[in-house]
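# What the coordinates show
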Amino acid sequence: MSAGRSGTDLRFDWIGMLFACLLTLFIALPLIVVGTWAFTEVWRYPSVIPQQFGLRFWGQTLARPDVWDALFLSLRLTTTVTILSAVICLPAAYAFARMRFPGRNILFLSFLASHAFPKFGLLVAIAGIFLQLGLISTFWGVVLIQLVGTLMLMIWIPVAAFQNVDRRMEEAARDAGATPLRVFWSITLPQAGPTIAAALLLTFVGTFYETEGAWLVGAPQVRTMPVLMISFINNQIVVQYGAVLSVMLWVPSFIALMFARRVIGTGAFARGFGA
């Protein structure tokens, strides 16, 4: 019996390993191809590997004014959206974590609504409203539509952070005469701060790479880095331009996501669901 179970376990291990390898190949292969194109000067069919590597297209890409315009615009948009999201969502997250009020659970779950349905359909509906309000092809129109995509991260993760604060330390500080503001600043915030910082970082990264809303509401006047990269590829401008922009976008996001993963771990979302 034991040998039979061991054989079954071994079979499942091999199946799991096979699926993991296939998934890795499915995800990694396009990244490898794009990364190769970024450092390729000549790559002609039917050659499997490039005939000539080099950095010539890096210089050409970075010399384009539209690339720098898109980069600075993306940074302005992302910073604005992240700050507004923090101002709006963090007080709400604290209320959800610490207060009990009518309709709390329904309101809390409603922040999943934007992720429970096809995103593009929701964006099209919002774009229709923005068209009537004159927000299409404007900076603030893109800010508002990108703000919708930050709600889940900036509510659920901070709620988990505030719930994990040691209440005994807060109560001890209150007993010692500390004001509620002092307790929050000296006890609550230092404990919840790292997870909140990770949520802010994830929001910043997610907003920087957001494409659908920026394209649907911002085009043609507002062109962010991802939108510019897609336009390079779709318009068949030099393939290497789009590949270089892709690699430029990968590096900061990879670093930011690794930091956020180390800070919040994998249990933050589950704790948020248990609020």
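The name given to the chain in an unreviewed UniProt entry is Transmembrane permease component of ABC transporter, and the organism recorded there is Rhizobium johnstonii. Per UniProt, the comment on the chain under Subcellular location (unreviewed entry) is "Cell membrane". Turning to the chain, the UniProt record has this under Sequence similarities (unreviewed entry): "Belongs to the binding-protein-dependent transport system permease family."

What follows deals with unusual backbone geometry. In this structure, Pro220 follows Ala219 across a cis peptide bond, with omega equal to 0°. When you line up the elements, Pro220 lands in the loop between helix H11 (212–218) and helix H12 (225–234).

The next thing to look at is the packing of aromatic side chains. As enumerated under the stated definition, the model contains ten aromatic pairs in all. When the ring of Phe162 is compared with that of Phe184, the centres are 6.4 Å apart and the planes differ by 35°; the resulting orientation is tilted. Of this pair, Phe162 sits in helix H8 (residues 151–163) while Phe184 is found in helix H10 (residues 180–208), placing the two residues 22 residues apart along the sequence. The interplanar angle of 85° and the centroid separation of 5.2 Å between the aromatic rings of Phe208 and Tyr209 together place this pair among those described as edge-to-face. Take Tyr209: its relative accessible area is 23%, and that puts it in the partly exposed class.

Turning our attention to helix H6 (residues 119–133). In this model H6 runs 21 Å from its N-terminal to its C-terminal C-alpha over 15 residues, within 8% of the 21 Å that 1.5 Å per residue would give. Those residues of H6 that sit buried are Leu123, Ile126, Ala127 and Phe130. Seen end-on, H6 carries its buried residues on one side only, within an arc spanning 110°. With respect to the buried face of H6, the exposed residues turned more than 90 degrees away are Ile129, Leu131 and Gln132.

About the cut-offs
- Residues numbered from 1 in each chain as written.
- Predicted model: local features only at pLDDT ≥ 70, side-chain atom pairs only at ≥ 80, totals over all residues.
- Heavy atoms only, no water.
- UniProt positions renumbered as here; feature names shortened; annotations may be inferred.
- Helix = DSSP H or I, 4+ residues; strand = E, 2+ residues; numbered from the N terminus.
- Phe/Tyr/Trp six-rings, centres within 6.5 Å; stacked < 30°, edge-to-face > 60°.
- Buried < 20%, exposed > 50% of the residue type's maximum accessible area, 1.4 Å probe, protein only.
- Expected span 1.5 Å × (residues − 1).
- Arc of directions from axis to C-beta.

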